[in-house]
Amino acid sequence: MTTGLSSSTIDSLPDGSGDGLWQACIDQLAQELPEQQFNTWIKPLVANVANDFSKVVVWVGNRFKLDWVRAQYAGRISHILQQMYGQPILLELAITPKENLVKPRSVPFIQEIEALPESFVGIEENTPSGPRTRLNTALTFDNLVEGSANRMARAAATHVATMPGQLYNPLFIYGGVGLGKTHLMHAVGNRLLEERPEAKVLYIHAEQFVSDVVKAYQRKTFDEFKDRYHSLDLLLIDDVQFFANKERTQEEFFNAFEALLAKKSHIVMTSDTYPKGLTDIHERLVSRFDAGLTVAIEPPELEMRVAILISKARHEGAEMPEEVAFFVAKNVRSNVRELEGALRKILAYSRFNQKEISIQLARDALRDLLSIQNRQISVENIQKTVADYYKIKVADMYSKKRPASIARPRQIAMYLAKELTQKSLPEIGELFGGRDHTTVLHAVRKISAERQQLSELNQQLHVLEQTLKG
Ligand code: ADP
Ligand code: MG
C-alpha cells in the first residue's frame, strides 16, 4: 500500500475500491498529523464508501468523539477525499450502533467516559489499569503545569504519590471548577502505580460512590462493597460536596475512611470548597476531612495561563508563539478548561486555513468568545472581585456558611451577578454552590432595597461595579 497519494483520479487508487479510497485518505492523514493525534482520533474510525462514491459515512464510537472529529478533522477529511477522487464526496459522521462495533479498528467504549474530564490528550488511551482503577492514564504530573496557583497542592500530591500512607492523610484539595483538581488526583494514582504496579488504587467520583452504595443496598452486597473499598491502598474520591444529604453514603464513606486510615492507606479528596464550608455533611466526617492536610488550588495567574497554553499547544504538535499565548491568556481568564477550549479553536482554525498561529489568527478564531467576553462580565469574575474586596475566600461564595461576614458579601455578589450578567436566577444559584433560585431572589431584593438606604453600601457597590466593568 503506497502512502501519500497525490494523484487525483480514482484509477490511480490502490485498488479503485471504496475501501481503497478510505485507506488512502487515512494514510494521508497519518502523514499530516502528529502520531498521538492520529492514533487517538483517526485510526479508530471506520468508514463505508457508497458504491457510486457519492458519499462516505464515517462511524465514530460516541457523541464526544463525534463532536471532536467533526470539529477538528471533518473539513480536512472531506478535502482529502475530494482531492483523491477528483469530485466532491459527501461526508457523513455517525455514531456506531453498539451491535455493529467493528472489532479490529474500534476502541473499547469506556463507560466512565462521562466521569472523566474532557482531557485534551487522548481520553480513550485509558489502558491496562483503566477499567480496574478508573484512572485516566493521560492525566499525569508531567503534563500538569506548575505555578503559584497549584504549587502547594501539587507538592503535597507528589509527596502522597511517592510515600502514601505517611504524611498528609487525608489530603483534601479544594478549588473552583476547571482548575485541575481531577487532573491532580489522576496524577497521584498514575504516579503511585508507576512505582508500585501492584498497589490497589481506585479513582471514583463522589456521585459514583453514591450509586455504588445504592446498588450495594438494593442487592444486599455490602460485604463485597466493603471488601472492595476497604482493601485499597489509595482511594481518590472526587467532588465530595456531592455527599451532601446522602446519609447512608456518608455512613459507608465514614466506615471506609476509618478502615483505610487504620491500615495506613491513603485517601485523597477534592471538593469545591474547604471542609468547614461544606454543608449537609456530618460533622464527624467534616472534622476527619480536615485532619490531614487541606490545600487550595487557585485560579492560574497570567504567566501560568501562558505556560499552560504553550505546553498544551506543544503537546498537540503546534508551536504557539509567546506573544500569542499572552494575548489569549489575557483574554481568557476564568479557568484552565476555558483556556483549553480557546486553544482548540485556534489550532483547528490554523489547520483548516493552513495559516501560522499569530495574534491576528487567534483574534479571528476567538472572535465570538472575545466579543462575548468584552461585553459580558462573568459570574466567576464577580465572585472573585467581591471576595477580594471584602477579604473573604472565593470558596465561601460556594460554601454554605452563614456568618454575616460571609453571607453578606455572598449576597452582594449574587446581586451583582443578576445586575451585570444575563444569567437567570437558577443559573446564578447553581454557580453559588448549587443554591435555590429563591435564595438568589432574596439576596437580590435585599441588597437592592438596602442600597437605597445605606449610602456606604451604595458607595461600595459603585466601586465594585466600576472594577468589574473595567
Ligand atoms: P477540576 O477537576 O478542578 O474541575 P480538571 O482537573 O478537570 O478541573 O481540569 C480541567 C482541564 O484543565 C483538564 O483538561 C486538565 O487537564 C486541565 N488542567 C487544569 N490545570 C492544569 C495545569 N496546571 N496544567 C495543565 N492542564 C491543566
Ligand atoms: Mg473535577
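Residues numbered from 1 in each chain as written. Chains lettered and ligands numbered in written order. Predicted model: local features only at pLDDT ≥ 70, side-chain atom pairs only at ≥ 80, totals over all residues. Heavy atoms only, no water.

Observations concerning the nonpolar core
Put simply, the rule reads: Note on terminology: a nonpolar core comprises buried Ala, Val, Leu, Ile, Met, Phe, Trp, Tyr and Cys residues joined through side-chain atoms within 4.5 Å. Relative accessibility decides the category of a residue: with a 1.4 Å probe and only protein chains considered, values under 20% of the type maximum give buried, values over 50% give exposed, and everything between is partly exposed. Only DSSP runs of H or I reaching four residues or more are called helices, and only runs of E reaching two or more are called strands; each is numbered from the N terminus.
Counting residues in each nonpolar core, the largest one holds 32 residues, and the members touching the most others are F253 and F289. Counting residues per element, the ones that place at least two in this core are β4 (171-174), β5 (201-205), α8 (206-219), α9 (222-230), β6 (234-238), α10 (247-262), β7 (266-271) and α11 (283-289). With 30 residues, the next largest nonpolar core counts W22, C25, L29 and V58 among its residues.

Quick look at the site of ligand 1
Operational definition: Any residue with a heavy atom positioned within 4 Å of a molecule or strand is treated as near that molecule or strand. By the criterion applied in these results, polar contacts are pairs of N or O atoms within 3.5 Å in which, for protein atoms, one can donate a hydrogen and the other can accept it, and in which residues neighboring in sequence qualify only through two side-chain atoms. Ten residue types, Ala, Val, Leu, Ile, Met, Phe, Trp, Tyr, Cys and Pro, are classed as nonpolar, four, Asp, Glu, Lys and Arg, as charged, and the remainder, Gly among them, as polar.
In the region of ligand 1, 21 residues are neighbours, and V145, G178, T182, H183 and K312 sit closest. One of the backbone nitrogen or oxygen atoms of V145 is found 2.8 Å away from a nitrogen atom of ligand 1. With respect to ligand 1, the side chain of H183 contributes an N or O atom lying 2.6 Å from an oxygen atom. Mapped by element, the contributors of at least two residues to the shell around ligand 1 are α7 (181-195), α12 (302-315) and α14 (336-353). Residue composition of the shell around ligand 1, grouped by class: nine nonpolar, eight polar and four charged.

Observations regarding the pattern of salt bridges
Our working rule: Throughout this description, the term salt bridge denotes a Lys or Arg side-chain nitrogen within 4 Å of a carboxyl oxygen of Asp or Glu.
Applying the stated criterion across every chain, the model contains 17 salt bridges. Salt-bridge contacts for D67 lead to R63; the nearest nitrogen and oxygen are separated by 3.6 Å. Here the residue D67 and the residue R63 both occupy positions in helix α3 (residues 63-72), the gap between them amounting to four residues, near one helical turn. K384 is the salt-bridge partner of D388, the closest N and O atoms lying 3.0 Å from each other. Residue D388 and its partner K384 are both found in helix α17 (residues 379-389); the two are separated by four residues, about one turn of the helix. On the basis of relative accessibility, which here comes to 44%, the residue D388 falls in the partly exposed class. Several salt bridges share partner residues, and in doing so they unite E146, R151 and R154 into one network.

A look at the environment of M304
Here is the rule we go by: Should any heavy atoms of two residues lie within 4.5 Å, those residues are counted as being in contact.
Structurally, M304 is set in helix α12. Separated by 154 residues in the primary sequence, M304 and N150 have C-alpha atoms spaced 9.8 Å apart. In this structure, M304 is in contact with V145, E146, G147, S148, A149 and N150, ignoring residues within four places of it in sequence.

What about the packing of helix α6 (residues 151-162) against α7?
Put simply, the test is: Only the contacting stretch of a helix is used when fitting its axis, a line to C-alpha atoms as for every element, and angles between N-to-C directions run 0 to 180 degrees. Roughly parallel means an angle under 35 degrees; roughly antiparallel, over 145; roughly perpendicular, 65 to 115; everything else is oblique. Handedness of a crossing is defined here by the sense of rotation of the near helix relative to the far one, left-handed for an anticlockwise turn of less than a right angle and right-handed for a clockwise turn.
Packing of α6 against α7 brings their axes to within 8 Å, and their N-to-C directions diverge by 30°. Compared by their axis directions, α6 and α7 come out roughly parallel. Crossing of α6 over α7 shows right-handed handedness. Contacts from A153, R154, A157, T158, V160, A161 and T162 in α6 reach L184, V188, R191, L192 and E195 in α7. Considered class by class, the residues forming the contact of α6 with α7 number seven nonpolar, two polar and three charged.

With respect to the sheet that holds strand β3 (residues 90-95)
Selection criterion: Pairing between strands is defined by DSSP: at least two bridges between them are needed.
Taken in spatial order, the three strands make up an open sheet running β1-β2-β3, and their pairing is mixed. Edge positions in the open sheet fall to β1 (46-49) and β3, since each of these has one partner strand only. Strand after strand, the sheet turns through a mean of 20° between neighbouring axes, direction not considered. Of the strand pairs in this sheet, β1 and strand β2 (residues 55-60) are connected by four bridges, and their pairing is antiparallel. Bridging from a neighbouring strand, N48 pairs with V57 of β2.

Regarding the packing of aromatic side chains
Applied cut-off: For Phe, Tyr and Trp, rings pair up if their centres lie within 6.5 Å, where Trp contributes its six-membered ring, and each pair is then called stacked (planes under 30 degrees apart), edge-to-face (over 60) or tilted (otherwise).
Taken as a whole, this structure holds 17 aromatic pairs when the rule is applied. When the ring of W41 is compared with that of F64, the centres are 6.1 Å apart and the planes differ by 50°; the resulting orientation is tilted. Taken together, the residues W41 in helix α2 (residues 35-42) and F64 in helix α3 connect sequence positions 23 residues apart. Residue classification places W41 among the buried residues on the basis of a relative accessible area of 6%. An aromatic cluster is defined as three or more aromatic residues linked by ring pairs; in this entry it consists of F172, F209, Y217, F222, F225, Y229, F243, F253, F257 and F289.

Considerations on the confidence of the model for the chain
When pLDDT is low, close inspection of the predicted coordinates is not appropriate. For clarity, the cut-off: pLDDT measures the predictor's confidence residue by residue and takes values from 0 up to 100.
Confidence in the prediction of the chain, expressed as mean pLDDT, is 86, and 88% of residues score 70 or more. Here residues 1-14 is modelled with pLDDT under 50, and outside its nearest four sequence neighbours on either side it reaches 31 contacts, counting other chains as well. The low-confidence segment residues 99-130 (pLDDT under 50) makes 71 contacts with residues lying over four places distant or belonging to another chain.

Let's talk about the sheet that holds β5
What the five strands build is an open sheet, ordered β5-β6-β7-β4-β8; its pairing is parallel. Every other strand in the sheet has two partners, leaving β5 and β8 (293-296) as the edge strands with one partner each. Mean inter-strand twist for the sheet, computed between neighbouring axes without regard to direction, equals 15°. Relative to β7, β6 runs parallel, the two sharing four bridges. Across the sheet, residue L234 finds its bridge partner in β7, namely H266.

Considering α17
Of the positions making up α17, those classed as buried are V379, I382, Q383, T385, V386 and A387. Close packing links the buried residues of α17 with α18 (404-420), α19 (425-431) and α21 (455-469).

Describing the environment of V46
Note on placement: V46 falls in strand β1. Remark: the alpha-carbon pair of V46 and T96, spanning 50 residues in sequence, is separated by 8.9 Å.

As for the environment of F222
Locating F222 in the fold gives a position in helix α9. Taking C-alpha positions, F222 is 9.7 Å from D212, a pair spaced ten residues apart along the chain.

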